[in-house]
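Structural characterization, general
Chain by chain, the residues:
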Amino acid sequence: MAHTPRHGHDREIETLQEFDEVAARGSLVGYRLQSVDLTDRSGALLALPSTGAVFLGCRMQPDAAAKVRAEGALVFPPLPDLPFDPYRGLLYSPDELFAGLAEHGYERTPDALAYAWFQRTKADGDVFGSMLRAVHDDAVSDALDEHLAGARVVGVMGGHAMARGTDAYQGAARLGRSLARAGLTVATGGGPGAMEAANLGAYTAPLDDAVLDEALLLLGKEPSFVPSVGDWARAAFEVRSRWPEGGASVGIPTWFYGHEPPNAFASHIAKYFANATREDGLLARCNAGVVFLPGAAGTVQEIFDNATPNYYESRGEPTPMVLVDRAHWTERLPAWPLLRSLAAGRSMEPRIALVDSVAEVPEALRRLGAR
């Protein structure tokens, strides 16, 4: 009897191994195949029923492609001239985005080439380009949901300008390590500064405590991605090469801010073209709460992007929000008084906290999450 796939992610085939497993059941009916190279699987494609299947950017031999089309499958052809794959089924890795960095410099990496393509296509207003960006971002969201299924995710937000070698960067890294060691999946905006520091902390979580101290010293030699993204990124890859058994975390950056490169310590990267999709998606997936380190306009925006669904309970029960650095959030950028006023008398009121230091964050998250 032919296997009938269930709804949702069970119907998706994203690797050759998954294709072979499904093919062994005798049917491709109703499946969605994403960016799988099937040029060596013509025998299976010619033999298996494929009615209602969707092939997204899968390479196939002409006879196999003609056969599945004739059976009613929908085939979206690969687009080899793009610097990215709009149909991708998996999240990015740092090695993928920074491929060629050592040989050719950052400007020739897939990350930089995708940003250059974005700049060209958004300027010419071509609907085909905007469609490809939308398809790509939707595919990335799908991959992110698959990756985070069942995980307790805590977001760490903060400014990109936080330099390596500073006390603030060290504190953010120790926070990321503490959260990861508590069994949480650390998710950040995936860029430099506070974001990189939290991903670095999660990367060093399975390793000896001394590793983070040594890594901080190595990274401090290249404190910023300005003036050289290449030098900044190479320092990170040197750390990863020295300690290759790092822990997992998630980075969710955007090509909208093309001057901010992704950091190399997030093991899984969901990079978007549309910043609004990225911002909302990042916060929506932080089911264990969000920590807001000192930042500027972007971090203020994230505080209230997160506060709004908590206020209206549009995503269900409010999730914890912890703002770090009392002086920053009450004097320099007084977001805390407004957040507290919004929360007053609502179900989100016992889910917000203001703390003085990153050392207080794990206990604050535990307390707020238990209410």
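The following refers to the structure shown. Keep in mind it's a predicted model, so treat the numbers as computed, not measured.

**Re the sheet that holds strand β2 (residues 32-34)**
What the four strands build is an open sheet, ordered β1-β2-β3-β4; its pairing is parallel. Bordering the open sheet on either side are β1 (12-13) and β4 (74-76), each of which pairs with just one other strand. Here three bridges tie strand β3 (residues 54-56) to β4, and the two strands are oriented parallel to one another. By the bridge assignment for β4, Val 54 is matched with Leu 74.

**Brief notes about the environment of Met 321**
Along the chain, Met 321 falls in strand β10 (residues 321-324). Classification of Met 321 as buried rests on a relative accessible area of 0%. Residues Met 321 and Asn 310 lie eleven residues apart in sequence; the distance between their C-alpha atoms is 9.5 Å. Those residues in contact with Met 321 that sit more than four places away from it in its chain are Val 290, Phe 292, Ile 303, Asn 306, Ala 307, Asn 310, Leu 339, Arg 351, Ile 352, Ala 353 and Leu 368.

**Concerning the side chain of Ser 27**
Mapped onto the fold, Ser 27 is located in the loop between α1 (16-23) and β2. In terms of polar contacts, Ser 27 uses its side chain to reach the backbone amide nitrogen of Val 29, at 3.0 Å.

**Structural notes on the nonpolar core**
Judged by nonpolar contacts, the single largest core of 94 residues is most densely connected at Leu 200, Ile 303 and Leu 339. Among the elements that take part in this core, helix α11 (residues 229-242) stands out by supplying seven residues, more than any other. Apart from the residues within four sequence positions on either side, Leu 200 is in contact with Tyr 169, Ala 173, Leu 212, Ala 215, Leu 216, Leu 219 and Phe 265. Leu 28, Leu 33, Val 36 and Val 68 belong to the second-largest nonpolar core, a separate cluster that totals 20 residues.

**A short note on helix α7 (residues 127-148)**
The terminal C-alpha atoms of α7, which comprises 22 residues, lie 32 Å apart, in line with the 32 Å expected from a rise of 1.5 Å per residue. Every buried residue of α7 is listed here: Gly 129, Leu 132, Arg 133, His 136, Asp 137, Ala 139, Val 140, Ser 141, Asp 142, Ala 143, Leu 144 and Leu 148. Near the N-terminus of α7, the side chain that reaches the backbone nitrogen of Phe 128, with its oxygen 3.0 Å away, is that of Asp 126.

**Overview of the sheet that holds strand β5 (residues 153-157)**
Strand order in the open sheet formed by seven strands is β8-β7-β6-β5-β9-β10-β11, with parallel pairing between adjacent strands. The two strands at the open ends of the sheet, each matched to only one other strand, are β8 (268-269) and β11 (352-355). As defined by bridge partners, strand β6 (residues 185-188) adjoins strand β7 (residues 250-251) across two bridges and the pair is classed as parallel. Directly across from Thr 188, in β7, lies its bridge partner Gly 251.

**A look at the pairing of β5**
Burial within β5 is extensive, with five of its five residues counted as buried. Residues Val 153, Gly 155 and Met 157 line one face of β5 and the alternating positions Val 154 and Val 156 line the opposite face, and both faces are buried. In this structure, β5 lies alongside β6, joined through four bridges in parallel fashion. Along β6, the bridge assignment pairs Val 156 with Thr 188. Crossover β5 to β6 through helix α8 (residues 167-181) is right-handed. The sheet contact formed by β5 and strand β9 (residues 290-292) spans three bridges and is parallel. Its bridge partner lying in β9, Met 157 is registered against Phe 292.

**Some remarks on a nonpolar patch on the surface**
A surface patch of nonpolar side chains, about 360 Å² in accessible area, is lined by Val 127, Phe 128, Met 131 and Val 135. Looking at where Phe 128 falls in the secondary structure, it is placed in helix α7. For Phe 128, a relative accessible area of 42% puts it in the partly exposed group.

**Observations concerning α11**
Helix length check: α11, at 14 residues, gives a terminal C-alpha distance of 20 Å against a target of 20 Å (1.5 Å per residue), a fit within 8%. Those residues of α11 hidden inside the fold are in contact with α4 (94-97), α5 (101-104), α9 (194-204) and α10 (209-219).

**Observations concerning the environment of Tyr 257**
On the secondary structure map, Tyr 257 appears in the loop between β7 and β8. On the basis of relative accessibility, which here comes to 30%, the residue Tyr 257 falls in the partly exposed class. Residues contacting Tyr 257, with those up to four places away along its chain left out, are Asn 275 and Arg 278.

**Some words on the packing of aromatic side chains**
Under the defined criterion, the tally for this structure stands at 13 aromatic pairs. Centroid distance Phe 98 to Tyr 106: 6.0 Å. Interplanar angle 45°. Geometry classified as tilted. Judged by its relative accessible area of 4%, Phe 98 falls in the buried class. Relative accessible area serves as the criterion here: at 11%, Tyr 106 is assigned to the buried category. In textbook terms, an aromatic cluster arises when at least three aromatic residues are bridged by ring pairs, as seen for Phe 84, Tyr 92, Trp 117, Phe 118, Trp 255 and Phe 273. For the cation-ring pair, Arg 346 lies above Tyr 311, with the distance from its terminal atom to the ring centre recorded as 3.7 Å.

**Regarding the pattern of salt bridges**
Where charged atoms from two side chains of opposite charge come close, those side chains can pair. Tallied over the full model, the rule gives 19 salt bridges. For Arg 88, the salt bridge goes to Glu 96, with nearest N and O atoms at 3.0 Å. Across the salt bridge formed by Arg 326 and Asp 356, the nearest N and O atoms sit 3.1 Å from each other. Of this pair, Arg 326 sits in helix α14 (residues 326-332) while Asp 356 sits in the loop between β11 and α16 (361-369), and the two are 30 residues apart along the sequence. When salt bridges that share partners are traced, they join Arg 177, Arg 181 and Asp 209 into one network.

Procedures and definitions
- Residues numbered from 1 in each chain as written.
- Predicted model: local features only at pLDDT ≥ 70, side-chain atom pairs only at ≥ 80, totals over all residues.
- Heavy atoms only, no water.
- Pairing = 2+ DSSP bridges.
- Helix = DSSP H or I, 4+ residues; strand = E, 2+ residues; numbered from the N terminus.
- Buried < 20%, exposed > 50% of the residue type's maximum accessible area, 1.4 Å probe, protein only.
- Contact = heavy atoms within 4.5 Å.
- Polar contact = N/O pair within 3.5 Å; in protein donor to acceptor, adjacent residues only side chain to side chain.
- Core = buried A, V, L, I, M, F, W, Y, C linked by side-chain atoms within 4.5 Å.
- Expected span 1.5 Å × (residues − 1).
- Right-handed = clockwise from strand over helix to strand, strands pointing away.
- Patch = residues over 30% accessible without salt bridge, like charges linked within 9 Å, V, L, I, M, F, W, Y side chains within 5 Å.
- Areas by Shrake-Rupley, 256 points an atom, 1.4 Å probe, with all protein chains shown as cover.
- Salt bridge = Lys/Arg side-chain N within 4 Å of Asp/Glu carboxyl O.
- Phe/Tyr/Trp six-rings, centres within 6.5 Å; stacked < 30°, edge-to-face > 60°.
- Lys NZ or Arg CZ within 6 Å of the ring centre and 35° of its normal.

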